[in-house]
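# A look at the structure
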4 protein chains.
Amino acid sequence: MIEYHVRRRSGVPAYQQIVQQTEQALRLGHLQLGDKLPTAKEVVAATAVNPNTVLRAYQELQRAGLVESRQGLGTFVVGTLGQAENSAAGDLRRELTGWAAKARSAGLEREDVLALITSVVDQEFPPTAEPLPGAALRERS
Amino acid sequence: MIEYHVRRRSGVPAYQQIVQQTEQALRLGHLQLGDKLPTAKEVVAATAVNPNTVLRAYQELQRAGLVESRQGLGTFVVGTLGQAENSAAGDLRRELTGWAAKARSAGLEREDVLALITSVVDQEFPPTAEPLPGAALRERS
Amino acid sequence: MIEYHVRRRSGVPAYQQIVQQTEQALRLGHLQLGDKLPTAKEVVAATAVNPNTVLRAYQELQRAGLVESRQGLGTFVVGTLGQAENSAAGDLRRELTGWAAKARSAGLEREDVLALITSVVDQEFPPTAEPLPGAALRERS
Amino acid sequence: MIEYHVRRRSGVPAYQQIVQQTEQALRLGHLQLGDKLPTAKEVVAATAVNPNTVLRAYQELQRAGLVESRQGLGTFVVGTLGQAENSAAGDLRRELTGWAAKARSAGLEREDVLALITSVVDQEFPPTAEPLPGAALRERS
DNA sequence: GTGGTCTAGACCACA
DNA sequence: GTGGTCTAGACCACT
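Everything numeric in this text was worked out from a predicted model, so none of it was measured.

## Side note on the relation of the copies chain B and chain A
For the pair chain B and chain A, the superposition axis carries a translation of 0.0 Å, the fit reaches an RMSD of 0.4 Å, and the rotation angle comes to 178°. A rotation of that kind, with that shift, is consistent with a two-fold axis. Using C-alpha coordinates, one finds that chain B approaches the rotation axis most closely at B:Val12, a distance of 2.8 Å. Both copies share a contact surface, since 100% of the interface residues of chain B are interface residues in chain A too.

## Quick look at the protein's contact with DNA strand F
In the region of DNA strand F, 30 residues are neighbours, and B:Arg8, B:Ala14, B:Asn52, D:Ala14 and D:Asn50 sit closest. Sugar plus phosphate: this is where 77% of the atoms of DNA strand F within 4 Å of the protein reside. A distance of 3.3 Å separates a phosphate oxygen of DNA strand F from a polar atom in the backbone of C:Ala40. Residue C:Gln71 places a side-chain N or O atom 3.3 Å away from a base nitrogen belonging to DNA strand F.

## What about the packing of helix α1 (residues 14-28) of chain A against helix α3 (residues 51-63) of chain A?
Helix packing geometry: the angle between the two helix axes and the distance between the axes. All names here are of chain A. Between α1 and α3, whose axes approach to 8 Å, the crossing angle comes to 45°. Taken together, the axes of α1 and α3 are oblique relative to one another. The crossing of α1 and α3 is right-handed. Residue-level inspection shows Ala14, Tyr15, Ile18, Val19, Thr22 and Glu23 of α1 in contact with α3, the latter providing Thr53, Val54, Arg56, Ala57, Tyr58, Glu60 and Leu61. When its residues are assigned to classes, the contact of α1 with α3 shows 8 nonpolar, 2 polar and 3 charged.

## A short note on the interface of chain B and chain A
Reports often express the size of an interface as the amount of accessible area lost when the parts come together. Contact with chain B, which involves 55 residues of that partner, is made by 56 residues of chain A. Contact with chain A buries area across many residues of chain B, yet B:Leu92, B:Arg110 and B:Phe125 alone supply 13% of it, more than any other trio. Counting the contacts that link chain B with chain A gives 10 salt bridges. With a shortest N-O distance of 2.8 Å, B:Lys102 and A:Glu95 are connected by a salt bridge. On inspection of chain B and its partner chain A, the count reaches 18 residue pairs in polar contact (both at pLDDT 80 or more). With 15 residues, the top contributor of residues to the side of chain B that touches chain A is helix α5 (residues 110-124) of chain B.

## Quick notes on the pairing of strand β2 (residues 67-70) of chain A
Bridging between β2(A) and strand β3 (residues 74-77) of chain A involves 4 bridges; their strand directions are antiparallel. Bridge pairing in β3(A) links A:Val67 to A:Val77.

## Considering the packing of aromatic side chains
Overall, the coordinates contain 0 aromatic pairs over all chains when judged by the stated rule. Lying over the aromatic face of A:Tyr15, A:Arg56 brings its terminal NZ or CZ to 3.9 Å of the ring centre.

## Brief notes about the protein's contact with DNA strand E
Around DNA strand E, a shell composed of 28 residues is seen, among which A:Ala14, A:Asn50, C:Arg8, C:Ala14 and C:Gln71 lie nearest. Within 4 Å of the protein, the contacting atoms of DNA strand E are drawn from sugar and phosphate to the extent of 75%. Between A:Arg56 and DNA strand E, the recorded distance is 3.3 Å, taken from a side-chain N or O atom to a phosphate oxygen. Within the backbone of B:Gly72, a nitrogen or oxygen atom sits 3.3 Å from a base oxygen of DNA strand E. Here the surface near DNA strand E gets 4 residues from one element, more than from any other, and that element is helix α3 (residues 51-63) of chain B. Residues that form the surface near DNA strand E fall into these classes: 9 nonpolar, 14 polar and 5 charged.

## Some details on the environment of B:Ala101
With respect to the helices, strands and loops of the structure, B:Ala101 is situated in helix α4 (residues 89-105). Along the primary structure B:Ala101 and B:Thr22 are separated by 79 residues, whereas in three dimensions their C-alpha atoms are 27 Å apart.

## Brief notes about the pattern of salt bridges
A side chain of one charge can pair with a side chain of the opposite charge if their charged atoms are brought near each other. Per the stated rule, a full pass over the model turns up 34 salt bridges over all chains. Of the charged contacts in the structure, one is a salt bridge between A:Glu124 and B:Arg104, with a shortest N-O distance of 3.2 Å. Linking A:Glu124 in helix α5 (residues 110-124) with B:Arg104 in helix α4, this pair reaches from one chain into another. For A:Glu124, a relative accessible area of 15% corresponds to the buried category. When the shortest N-O distance is used, the salt bridge between C:Arg27 and D:Asp112 registers 2.6 Å. Of this pair, C:Arg27 sits in helix α1 (residues 14-27) while D:Asp112 sits in helix α5 (residues 110-124), on two different chains. Residue class for D:Asp112 comes out buried when judged on its relative accessible area of 0%. When salt bridges that share partners are traced, they join B:Glu60, B:Arg63, C:Glu60 and C:Arg63 into one network.

## Brief notes about helix α1 (residues 14-27) of chain B
Compared with an ideal rise of 1.5 Å per residue, which puts 14 residues at 20 Å, α1(B) spans 20 Å between its outermost C-alpha atoms and is within 8% of the ideal. Against the buried residues of α1(B) lie α5 of chain A together with α2 (40-47), α3 and β2 (74-77) of chain B. Directly beyond the C-terminal end of α1(B), a positive phi value near 80° is found at B:Gly29.

## Some remarks on unusual backbone geometry
Residues and elements named next belong to chain B. One non-glycine residue, Ala48, lies in positive phi territory at about 65°. Secondary-structure assignment places Ala48 in the loop between α2 and α3. According to the relative accessible area criterion, Ala48 is partly exposed, its value standing at 31%.

## Considering the UniProt feature "domain: HTH gntR-type" (unreviewed entry) in chain A
As annotated by UniProt and renumbered to match this structure, "domain: HTH gntR-type" (unreviewed entry) occupies residues 12-80 of chain A. Span residues 12-80 of chain A is 52% helix and 14% strand, its end C-alpha atoms 24 Å apart.

## Focus on helix α4 (residues 89-105) of chain A
All names here are of chain A. For α4, built from 17 residues, the straight-helix expectation of 24 Å at 1.5 Å per residue is met to within 8% by its first-to-last C-alpha distance of 24 Å. Those residues of α4 not exposed but buried are Ala89, Leu92, Leu96, Trp99, Ala100 and Ala103. The arc that holds every buried residue of α4, seen down its axis, measures 105°, which confines them to one face. Across from the buried face of α4, at angles greater than 90 degrees, the exposed residues are Arg94 and Ser105.

## A few points about the sheet that holds strand β1 (residues 36-37) of chain D
Residue and element names in this part refer to chain D. Here 3 strands make up an open sheet; going across it, the order is β1-β3-β2 and the pairing antiparallel. Looking along the sheet, the strands with just one partner apiece sit at the ends: β1 and β2 (67-70). This element, helix α3 (residues 51-63), spans β1, β2 and β3 (74-77) of the sheet and lies at about 120° to β2.

Here is what the cut-offs are and how they apply
- Residues numbered from 1 in each chain as written.
- Chains lettered and ligands numbered in written order.
- Predicted model: local features only at pLDDT ≥ 70, side-chain atom pairs only at ≥ 80, totals over all residues.
- Heavy atoms only, no water.
- Least-squares fit on C-alpha atoms with pLDDT ≥ 70 in both.
- Contact = heavy atoms within 4.5 Å.
- Near = heavy atom within 4 Å.
- Polar contact = N/O pair within 3.5 Å; in protein donor to acceptor, adjacent residues only side chain to side chain.
- Axes fitted to C-alpha atoms, helices over the stretch in contact; angles between N-to-C directions.
- Helix = DSSP H or I, 4+ residues; strand = E, 2+ residues; numbered from the N terminus.
- Parallel < 35°, antiparallel > 145°, perpendicular 65-115°, else oblique.
- Left-handed = near helix turned anticlockwise from the far one by under 90°.
- Nonpolar A, V, L, I, M, F, W, Y, C, P; charged D, E, K, R; others polar.
- Buried area = accessible area lost by both parts, 1.4 Å probe.
- Salt bridge = Lys/Arg side-chain N within 4 Å of Asp/Glu carboxyl O.
- Pairing = 2+ DSSP bridges.
- Phe/Tyr/Trp six-rings, centres within 6.5 Å; stacked < 30°, edge-to-face > 60°.
- Lys NZ or Arg CZ within 6 Å of the ring centre and 35° of its normal.
- Buried < 20%, exposed > 50% of the residue type's maximum accessible area, 1.4 Å probe, protein only.
- Expected span 1.5 Å × (residues − 1).
- UniProt positions renumbered as here; feature names shortened; annotations may be inferred.
- Arc of directions from axis to C-beta.

Structure, rendered in structure tokens:
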């Protein structure tokens, strides 16, 4: 059963954190087709968020076609996402774990590692650019 | 000169994105002691956020002791952060770049890679847990 | 419940006055762990500042780890500060009150008393010096 | 010769800090009738503020009738302020110094002492209240 | 021209 | 209803 961790100070809305963690679990294969998500009550007990916040996250996931809520039964996985758990994933994970160990013994902290990683990933997998706002405005007015 | 990229749709407050990108540039050595940050005006021109949003980010960095704003002159780096650019960093970056290439040829998308990476990093460098809010409150009435 | 008093003519930013008064209340024990700060609305009603100014003060206190804001609930004290209310404080306060009475009967005004006091305190508890700005800059270009 | 100390981070405008420190020196007798203030150049060397900032402070003092600038000669004290250095001041200062020593041995820090003192002084010498803004507006419109 | 503060108002996240 | 973020614009302090 997936366990959510909500960081209130991160600035990311609580319901989005739940959505993102669910999506990530789907990519990693931690959640499989048919798996049951924890009930809102359980999430509330574990994360101290408001029940409505959980419901909103689950609705978002349902609209994305990833889960389905059944009255009185719970919420179940009905979709898949990505390739992170294909045949090569085991190797990739092993290698990355080794890399992380090396980084730690070189004295890097968690934040250093994250900075380095995002730097490399942004270079190798460039994020889709965002149009400058105002473009739409300029056309309209 | 550092260039900021603000993603408005990410849910993360714009001012925090600027703070985080500055911190990352400090960790990676892209910003050095004495370097000048772009003026609020320049950031506004590049990112289309409001000047106050930039000022707020800079003030946050100033309170963290990382930069110092001098009226009429600009904002300057006065602190350092982390170890991401020590002797071993070059090797680590090279290896990680190779790993990323392998991941791509295995068919993983950016989101898959990020999911895999955060999974491994969270395991190897466990984030500091956040105390449940309300702990202090529960003792009282 | 703490009551704030903002002096607009003092030259000190309103949000800093709120921060300082909160810190002082913590030192004096007027605010205890778990206490609730007034809502932004209440402060606005009492001091005629803008809600955003109050929020900014509370955020500053939150970053200092002294309070914690919970959406929809309010802002609560989660940290302590200093020793001004330990066992000896009662005696010290009594003595100081007596001293103030003597000063008044000697014809000193409020401003005279403040001048005398800051002079003595600065001598007995030297303030931490502030580094000359630009030290880091001078090395560079 | 008076020495100014400008704390840039205090939020109080630099020129006001110079004015206030001059007034305080007058009250304490550290500056006497006829004394010469440091030249703008000297203040600049000591505090790293802009010459214009010093000039503005001196102009303010001149408008208050406390000093007088003579071209090519310098700026001189021509007024007095308060009673902080009358006959009883010596005793009061001595007592206060003793009190401060006791406070320190009780473990209070500078900030604790300041909190305690302002609390007592505000009670014994209540600051003149400030009319709520809007009062004037209500009459006008 | 650069940064700092404040106001006003809008919209969102959360309880 | 409470706090969080952002925008827009004004005014001030400083170089």
